[in-house]
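Each chain is listed here by its residues.
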Protein chains: 2
Amino acid sequence: MLETLKALAEPNRLHIVELLRDGPRPVGDMVQRLHLRQPQVSKHLRVLSDAGLVDARVDAQRRIYTLRTAPLQQLDVWLERYRQLWEQNFKRLDALLDEMKTSHRKSKHPKR
Amino acid sequence: MLETLKALAEPNRLHIVELLRDGPRPVGDMVQRLHLRQPQVSKHLRVLSDAGLVDARVDAQRRIYTLRTAPLQQLDVWLERYRQLWEQNFKRLDALLDEMKTSHRKSKHPKR
DNA sequence: TACGAATATGACTTGACACGTATATTCTCT
DNA sequence: AGAGAATATACGTGTCAAGTCATATTCGTA
């Protein structure tokens, strides 16, 4: 979880993840798209790999990297516990709006 | 988005967020729970505040911090684009399992 | 008004990490 | 076997961020 966040909390690595969202890519491809030198891209890929966010398949001299969704699913699960919080707020807002409408119709002041 | 990730990608700050999930708390309360000195907690709260993840309400000398869900909702939206990916994989897996069952019944080999 | 509680901020130190350069490794092709 | 392509790794450097200590600030209370 924390490792996932640390891995994603770096602009270039986040960018790599976004690239891989569209499908697997070799390293050289990413070197071209990001404005980075090859060693740096390899290092970022190492970090992402250690975090379980990518997988490498060997193709001759090239390594084709693929996005692994498992850590993202984990993040999604973690967020679930917070989703309740804002849904709760939506409900409260709905209630408030409803109360305002009602009080308007009845020409009363909303209480609380 | 990136700022949110950077803010969360630090163990103590993540811990603070988890604490605030249960409701607002004054700084001193968090100092006791986390094994951190007061200045450090204040600084982490500063980072979280800059990222829009917390809000402070003044109560005499104390400041009561509250979790703001907006950045987490944003994270949720970002994840949405990846959720499709693993749901796609689930479908593929379903299809494969289905095919295996079928081929077993018909005593055939699954194709491709 | 003086004092203590609660919190924020500044100066400083240290460790981690992103980047660059150079080099090693592995594979293809001639 | 030799050359070159594609990628990974080692090492050095600068920057930034987390931690600590000391101090400032604000407020309640004796």
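Residues numbered from 1 in each chain as written. Chains lettered and ligands numbered in written order. Predicted model: local features only at pLDDT ≥ 70, side-chain atom pairs only at ≥ 80, totals over all residues. Heavy atoms only, no water.

A. Broad picture of helix α2 (residues 11-21) of chain B. Residue and element names in this part refer to chain B. Residues of α2 that are buried include every one of R13, L14, I16, V17, L19 and L20, and no others. The backbone nitrogen of N12 has a side-chain oxygen 3.0 Å away, supplied by the residue at the start of α2, namely E10. Count one or two residues on from α2 and you reach G23, which has phi positive near 135 degrees. (Buried < 20%, exposed > 50% of the residue type's maximum accessible area, 1.4 Å probe, protein only. Helix = DSSP H or I, 4+ residues; strand = E, 2+ residues; numbered from the N terminus. Polar contact = N/O pair within 3.5 Å; in protein donor to acceptor, adjacent residues only side chain to side chain.)

B. Inspection of the protein's contact with DNA strand D at higher detail. In the neighbourhood of DNA strand D, 22 residues make up the surrounding shell, with Q38(A), S42(A), Y65(A), K43(B) and H44(B) lying closest. For DNA strand D, the fraction of atoms within 4 Å of the protein that belong to sugar or phosphate moieties is 61%. One of the side-chain N or O atoms of S42(A) is found 2.5 Å from a phosphate oxygen in DNA strand D. Residue N12(B) places a side-chain N or O atom 3.0 Å away from a phosphate oxygen belonging to DNA strand D. The set of elements that each furnish at least two residues to the surface near DNA strand D consists of α3 (27-33), α4 (38-50) and β3 (62-67) of chain A together with α2 and α4 (38-50) of chain B. Per-element tally for the surface near DNA strand D: the top contributor is α4(A), with 5 residues. (Near = heavy atom within 4 Å.)

C. Up close: the nonpolar core. With 54 residues, the main nonpolar core has L8(A), L72(A), L8(B), M30(B) and L72(B) as its most contacted residues. Among the elements that take part in this core, helix α5 (residues 70-106) of chain B stands out by supplying 7 residues, more than any other. A domain-level breakdown of this core finds at least three residues from each of domain 1 (2-68) and domain 2 (69-112) of chain A. Contacts of L72(B), omitting those with residues within four sequence positions, involve W78(A), L79(A), Y82(A), W86(A), L8(B), L53(B) and L67(B). (Core = buried A, V, L, I, M, F, W, Y, C linked by side-chain atoms within 4.5 Å. Domains from an automatic or database assignment. Contact = heavy atoms within 4.5 Å.)

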